[in-house]
Amino acid sequence: KGADHSVTQPGGARPPAQVRQGGGRGTTPEPTPAIKNPVQPAHAVVGFLDIPLTGKKIVVSIDGASSMTDNFDYVRNGVYQAVERLSPGQELRVAIWRDDKVIPFPAKGFIGKSGLSQLEKEYGSLTVRGSSDAAKAMVASLKLGGDQVIFVTAKPAMDPQIAETVLAANTGKVHLDSIKL
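Not measured: the values here are computed from a predicted model.

### Description of the environment of F72
Moving on, step 1. If you trace the backbone, F72 turns up in helix 1 (residues 72-84).
Moving on, step 2. Sequence spacing of F72 and L181 is 109 residues, and the spatial spacing of their C-alpha atoms is 10.0 Å.
Moving on, step 3. Residue contacts for F72: discarding those within four places in its chain leaves I62, D63, G64, I96, Y123, L126 and V128.

Shown next as structure tokens:
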């Protein structure tokens, strides 16, 4: 409790809250609107990064391979913020892709706002490593029982057949979203 879950740019830099432009001699500087950080969510109060949380049971399916090295902490903080922003009746679960499997967090199942500390305990020290099979991991994420699944990856190249595989496996018509970092 009390942990800082603010979303920062990869590398840890935080954007200035307000930028002022200096005027010429004898003028008063005019305040300018806050500059939006292109990496920070535009609608930070509504969901997970730029994705609105519309489901009742939301799975955030995150690539845990080394391609996410520069973005993993940013995404983790986005997950924590999403949990804090859940509406009554909404629950969330994280699924990390590792090799050819998916590891769900927390282990006990979906959580609401009150489960944030448990998620932090289980997911907080996780690091990226190795590679992952995106298609298998995405299909496995669909089987975790969510009615909204958000896929997150930084893979530089993905097989175009992945979309066909995932859509064919989406027999329950789960709402799908994706973020490519």
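### Notes on the confidence of the model for the protein chain
Moving on, step 1. Mean pLDDT over the protein chain stands at 78; residues scoring 70 or higher make up 75%.
Moving on, step 2. Least confident of the elements in the protein chain is strand 1 (residues 20-21), whose mean pLDDT is 27; most confident is strand 5 (residues 57-63), at 96.
Moving on, step 3. Counting interchain partners and residues more than four positions distant, the pLDDT-below-50 stretch residues 4-45 has 52 contacts.

### What about the nonpolar core?
Moving on, step 1. Residues F48, I62 and Y123 are the most contacted members of the largest nonpolar core, which totals 30 residues.
Moving on, step 2. When residues of this core are traced back to their parent elements, those giving at least two are strand 5, helix 1, strand 6 (91-98), helix 2 (116-123) and strand 8 (148-153).
Moving on, step 3. Ranked by residue count, the leading element in this core is helix 1, at seven residues.
Moving on, step 4. In this structure I62 touches M68, F72, V75, V79, V94, A95, I96, W97, Y123 and V152, once residues within four positions along its chain are discounted.

### A closer look at the side chain of N170
Moving on, step 1. Relative to the helices and strands, N170 is located in the loop between helix 4 (161-169) and strand 9 (175-180).
Moving on, step 2. There is a polar contact of 2.7 Å between the side chain of N170 and the backbone nitrogen of V174.

### Quick notes on unusual backbone geometry
Moving on, step 1. In this structure, the amide linkage connecting F105 to the following residue, P106, adopts the cis form with an omega of -15 degrees.
Moving on, step 2. Looking at where P106 falls in the secondary structure, it is placed in the loop between strand 7 (101-105) and helix 2.
Moving on, step 3. The phi dihedral of L49 falls on the positive side, at around 50 degrees, and the residue is not glycine.
Moving on, step 4. Examined against the element boundaries, L49 turns out to sit in the loop between strand 3 (47-48) and strand 4 (51-52).
Moving on, step 5. Phi is positive for K173, which is not a glycine, with a value near 55 degrees.

### Side note on the packing of aromatic side chains
Moving on, step 1. A full pass over the atoms with the stated rule returns three aromatic pairs.
Moving on, step 2. Relative to Y123, the ring of F72 has its centre 6.2 Å away and its plane inclined at 75 degrees; by these criteria the two rings are edge-to-face. Of the two residues, F72 sits in helix 1 while Y123 sits in helix 2, which places them 51 residues apart along the sequence.
Moving on, step 3. Taking the relative accessible area as the measure of exposure, Y123 reaches 0% and is therefore buried.
Moving on, step 4. Note on Y80 and Y123: the rings are 6.0 Å apart at their centroids and 80 degrees apart in plane angle, and the pair reads as edge-to-face. One end of the pair, Y80, is in helix 1; the other, Y123, is in helix 2, and 43 residues separate them in sequence.

Calculation rules
- Starting afresh in each chain, residues are numbered from 1 along the sequence in its written order.
- In keeping with the model being predicted, local features are shown solely for residues with a pLDDT of at least 70 and side-chain atom pairs are shown and tallied solely at 80 or more, while totals for entire chains, interfaces and linings include all residues.
- Where side-chain values are given, they derive from all heavy atoms of the structure, hydrogens and water being excluded.
- The helix count covers DSSP runs of H or I at least four residues long, the strand count covers runs of E at least two residues long, and both are numbered beginning at the N terminus.
- We call two residues in contact when some of their heavy atoms are within 4.5 Å.
- For every residue, the predictor states its confidence as a pLDDT score lying anywhere from 0 to 100.
- Here, the term nonpolar core denotes a set of buried Ala, Val, Leu, Ile, Met, Phe, Trp, Tyr and Cys residues that are joined through side-chain atoms within 4.5 Å.
- The rule is simple: take the accessible area with a 1.4 Å probe, protein chains only, and divide by the maximum for that residue type; under 20% is buried, over 50% is exposed, in between is partly exposed.
- For this analysis, a polar contact is any N or O atom pair within 3.5 Å, provided that within protein one partner can donate a hydrogen and the other can accept it, and provided that sequence-adjacent residues contribute only side-chain to side-chain pairs.
- Pairing of aromatic rings covers Phe, Tyr and Trp, the last through its six-membered ring, and needs centres within 6.5 Å; plane angles under 30 degrees mean stacked, over 60 mean edge-to-face, and all others mean tilted.

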